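Each chain, letter by letter, is given below.
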Amino acid sequence: MSGTDKKWWKESVVYQVYPRSFNDSNGDGIGDLNGITEKLPYLKELGVDVIWLSPVYQSPNADNGYDISNYREIMTEFGTMEDFDRMLETAHELGLKIMMDLVVNHSSDEHEWFRESRSSKDNPYRDYYIWREAKDGKEPNNWGSCFGGPAWEYDEQTDMYYLHLFAVKQPDLNWDNPRVREEVFDMMTWWCEKGIDGFRMDVINMISKDPALPDGRPGPGGYGDPSAHNGPHVHEYIQEMNRKVLSRYDLITVGECGGATAEDALDYARADGKELNMIFQFEHVRLDDGEDIKWAHRKIDLTELKQVMSKWQILLHGKSWNSLYWCNHDQPRIVSRLGNDSPEYRELSAKMIATNLHMMQGTPYIYQGEELGMTNYPFTSIDEFRDVESLHAMQELVEKKVLTEEEIFESVCYKGRDNSRTPMQWDDSSEAGFTTGTPWINVNPNYKEINAKEQVGREDSVFHYYQKLIRLRREHEIIVYGSYRLLLPESRDVYAYERSLKDEVLLVVCNFTDRDITFDVEDGSALAEAGKGVMLISNYGRETLEKQITLKPYEAFVWKYHRSV
Ligand code: TEU
Ligand code: CA
C-alpha cells in the first residue's frame, strides 16, 4: 500500500453520535440505542457513510462512558446487546457503517480487572494497572491528571498509589503487561466478529508510559505534565494490535492523538498500513488556549489557523491521511467559536466554516447537531454543568488562585465540553423532541429556531448545505485526492485555497469576517480561466466570478475549472 492508494475510508464522511444526548426512546431523559436506530434514516438522508458511536459499553459514567466497567456489555441506560445488534443490522441495511469507540488507555475502577488488581499485591491482575509505592510519603511523581489534581490515587488496601491520567475512577491500564494487550486484542476481535466497521481510539498515543516515570514540567496548577505522549513502546503496541486484529478486517481506524505533530502523524497513520488509517490532531483546536492552560482563552487568529491547517494538508499529502474536524463531544460548538452565532449570521457562518473544512483533503467528521449549526449553551450557573472536567476545573483553579471565579466561569462557558453535550434538537416540541421525560442535561433554549425538522423541510438550511457538501465529495474526485495550496497566507479576513488534480482546480474562498471584503480572483490564484468554470456551492447563491469581487459577510464559495496548459 502507498500513500496515494484509493480507499473507501478516504472517500467517506463520518458522523459522530454521542448516544447520551442523541435521542431518548423510553422517556428516562437519557439517549439510547433504540433512539439511535430510530434516527438512522435521518443520517442516511444527510448522506454520511460511517457513524462513530461514543462509548456504549457498561459504565458507571464518571466520564459519560469513557470509564468502562465491562467491554462486552452495553450500558444499562442505553439498552441491551439485542438493541445493539438491531441497530448494527439496521445501519448495515441502510449502507451505514458503525465505528466503535475504543477506550483502552484506562478502564473504570469498577471493572473486574481493577477490583481484582486493587485487592492484594499478589493478585494475578495486580499488574494490569500501574501501581507504585509512595515517594517520601507522597505521590510517586508530580504528574497531574488531565481533569485536575494529581494523577496518582492512594489506595489504603495495599498502601500504594495507582496511576490515573484522567479521573480517579479511570485507572490507567498497564500496556507493558502482555496479558493486558491480549485481553484488549481479544475484546476487539470479539467486536469485529460481530460485524462492526472500525474503531476510534481514545487517547491512544498515551498508552505507553516511560517506565522511569520522571517528574514533568509543572504547569499553572502546580502539577507536572505527564510524559505519557508517544511513549517508548507506543508504535510497537499499535503495530501488534494491527497485526493481531486490525489487519484481519476491513476497518476504518482513527487514533485520538492530542499533542501529536504532523510528523508524528506520519508514524501513527503510516502509508504502509501497519498502524492506523488516520489520527485526530489537536493543533487547530488549541489555537484559542491561553499559555499553558486550556481555561484561559484568546481569539483565534486566522493566519495561525491557516498555517496549522495548511501544514497538515501539505505534509500528509501522498504520505499519510488527514482527519478533518471542527467539533466533537470535547469541543465547544464551532459556530460559536469560530463563526458568529447571532441570528443574522449563524447560518451563513456555519455554512462558511463547513465549506472551509469539507473542501480539504482528509476524512471529514461531523458531530451531531453541527449539521444544524447548533450553538454553545447560554450557561448562567454552575448547576447547569455536568462534565467532570469543567466541574473540577472550576473548583481547583479558583482554590489554587490560578484564575478568579469569574474568569474560570467565563472560560468554561466558552470552551466547556457540555456545550456540545446538550441534547440534539430534533423539532420544536417540548425538550426539542429529544425526550418525553426530563433530559439529563438542559436542552439549549434556542431549539424552537434551530431544529432538524425545520431544517430538513427548508431548502436553504444548514442541513441541506451539509448534505450538498457531502454529495460533492462523492461526485468530485479532486475533493478527496487533489493536492492543496494556500492562497493569501497573510490575509486576516479571507481563507482561500486551491485544490488540484491533473488539469482540474478547485478555488475555495471563505470570508471569516462580518464585513464586505474585496477579493481579487486573479491575485489569489492566477485564475485567467475564471469565466469558464462552474460554481459547485455558494452560501449566497453566487453563480459567476469576475476578476474582482466583493465577498459578503461570511461568504463562502467553491469554483471549479480546468487549467489550460
Ligand atoms: O479525550 C482526551 C483529551 O485529551 C481531551 O480531549 C480531554 O477530554 C480534555 O478536553 C482535555 O482538556 C478523550 C475523550 O474524548 C474524552 O471525552 C475523555 O474524557 C477522555 O479521553 C478520557 O477518556
Ligand atoms: Ca432512554
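The rules behind these values
- Residues numbered from 1 in each chain as written.
- Chains lettered and ligands numbered in written order.
- Predicted model: local features only at pLDDT ≥ 70, side-chain atom pairs only at ≥ 80, totals over all residues.
- Heavy atoms only, no water.
- Near = heavy atom within 4 Å.
- Polar contact = N/O pair within 3.5 Å; in protein donor to acceptor, adjacent residues only side chain to side chain.
- Areas by Shrake-Rupley, 256 points an atom, 1.4 Å probe, with all protein chains shown as cover.
- Nonpolar A, V, L, I, M, F, W, Y, C, P; charged D, E, K, R; others polar.
- Disulfide = S-S within 2.5 Å.
- Salt bridge = Lys/Arg side-chain N within 4 Å of Asp/Glu carboxyl O.
- Helix = DSSP H or I, 4+ residues; strand = E, 2+ residues; numbered from the N terminus.
- Buried < 20%, exposed > 50% of the residue type's maximum accessible area, 1.4 Å probe, protein only.
- Axes fitted to C-alpha atoms, helices over the stretch in contact; angles between N-to-C directions.
- Parallel < 35°, antiparallel > 145°, perpendicular 65-115°, else oblique.
- Left-handed = near helix turned anticlockwise from the far one by under 90°.
- Contact = heavy atoms within 4.5 Å.
- Expected span 1.5 Å × (residues − 1).
- Core = buried A, V, L, I, M, F, W, Y, C linked by side-chain atoms within 4.5 Å.
- Pairing = 2+ DSSP bridges.

A. Geometry of the site of ligand 1. Close to ligand 1 lie 17 residues, the nearest being Asp-63, Asp-202, Asp-330, Glu-389 and Arg-417. Between ligand 1 and His-106 there is a distance of 2.9 Å, counted from an oxygen atom to a side-chain nitrogen or oxygen. Separating an oxygen atom of ligand 1 from a side-chain N or O atom of Arg-417 is a distance of 2.6 Å. Look at ligand 1: alone it shows 490 Å² of surface, and the protein chains cover 92% of it. Along the lines of polarity and charge, the residues of the shell around ligand 1 split into five nonpolar, three polar and nine charged.

B. Spotlight on the state of the cysteines. Evaluation of the coordinates by the stated rule reveals zero disulfides. Between Cys-413, a cysteine without a disulfide, and Cys-327, which holds the nearest cysteine sulfur, the sulfur-to-sulfur distance is 18 Å.

C. Just the pattern of salt bridges, in detail. Throughout the structure, instances matching the rule amount to 39 salt bridges. The partner of Arg-458 in a salt bridge is Glu-347, and the shortest N-O contact between them spans 2.9 Å. Separated by 111 residues along the polypeptide, Arg-458 in the loop between helix H12 (452-456) and helix H13 (462-475) and Glu-347 in helix H9 (residues 346-358) bring together distant segments of the chain. Look at Arg-458 and you get partly exposed, because its relative accessible area is 23%.

D. Geometry of the packing of helix H1 (residues 33-46) against helix H2 (residues 81-93). At their nearest, the axes of H1 and H2 sit 9 Å apart, and the two run at 15° to each other. As summarised for this structure, H1 and H2 are arranged roughly parallel, according to the angle between their axes. You can see that H1 and H2 cross each other, and the crossing is left-handed. The residues of H2 that touch H1, namely those facing Leu-33, Asn-34, Ile-36, Thr-37 and Leu-40, are Asp-83, Phe-84, Arg-86, Met-87, Thr-90 and Ala-91. Grouping the constituent residues of the contact of H1 with H2 by class yields six nonpolar, three polar and two charged.

E. Examining H9 more closely. An ideal rise of 1.5 Å per residue puts 18 Å on 13 residues; H9 measures up with 18 Å between its terminal C-alpha atoms. Counting buried positions over the 13 residues of H9 gives 13, a clear majority of the element.

F. The arrangement of the packing of H1 against H13 in detail. Taken N-terminus to C-terminus, the directions of H1 and H13 make an angle of 60°; their axes are 8 Å apart at the nearest point. Between H1 and H13, the interaxial angle falls into the category oblique. Here H1 contributes Tyr-42, Glu-45 and Leu-46 to the contact with H13, which in turn contributes Phe-463, Tyr-466, Gln-467 and Ile-470. Of the residues in the contact of H1 with H13, the class split is five nonpolar, one polar and one charged.

G. Summary view of the nonpolar core. Counting residues in hydrophobic clusters, the biggest one holds 142 residues, and the most contacted among them are Phe-84 and Phe-199. Not counting residues within four places of it along the chain, the set of residues in contact with Phe-84 comprises Leu-33, Leu-53, Val-56, Ile-74, Met-100, Trp-191, Lys-194 and Ile-196. The next biggest cluster of nonpolar side chains, apart from the first, holds 16 residues, and it includes Phe-519, Met-535, Leu-551 and Trp-559.

H. Representation of the sheet that holds strand E7 (residues 152-155). Here we have three strands laid out as an open sheet, ordered E6-E8-E7, and antiparallel in their pairing. Of all strands in the sheet, those with a lone pairing partner are strand E6 (131-132) and E7, marking the two edges. Inspection of the sheet shows E6 paired to strand E8 (residues 160-163) by two bridges, in the antiparallel sense. Paired with Arg-132 across the two strands is Tyr-161, which belongs to E8.

I. Quick look at the sheet that holds strand E15 (residues 363-367). Taken in spatial order, the eight strands line up as E11-E10-E9-E5-E2-E1-E15-E14 in an open sheet, and their pairing is parallel. Either end of the sheet is taken by a strand with one partner, and the two such strands are strand E11 (278-280) and strand E14 (323-325). Between one strand and the next, the sheet's axes are offset by a mean angle of 25°, whatever the strand orientation. Here three bridges tie strand E10 (residues 252-256) to E11, and the two strands are oriented parallel to one another. Across the sheet, the residue bridging to Val-254 is Met-278, located in E11.

J. Geometry of the pairing of strand E17 (residues 494-501). With seven of eight residues buried, E17 lies mostly within the body of the structure. Turn length for the strand E16 (residues 483-487)-E17 hairpin, with the two strands adjacent in sequence and antiparallel, is six residues, and the turn residue Leu-488 shows positive phi of about 45°. Pairing between E17 and strand E18 (residues 504-511): eight bridges, direction antiparallel. Pairing of Arg-499 across the sheet is with Leu-506, part of E18. With antiparallel pairing between neighbouring strands as the criterion, E17 and E18 make up a hairpin whose turn holds two residues, including Lys-502 at a positive phi of roughly 50°.

K. Expanded view of unusual backbone geometry. A positive phi angle is found at Val-203, which is not glycine, with a value near 30°. Positionally, Val-203 belongs in the loop between strand E9 (198-201) and helix H5 (234-244). Classification of Val-203 by relative accessible area gives buried; the value is 9%. Despite not being glycine, Leu-488 shows a phi value in the positive range, around 45°. Summarising the element assignment, Leu-488 is placed in the loop between E16 and E17. Accessibility expressed as a relative area gives 31% for Leu-488, which makes it partly exposed.

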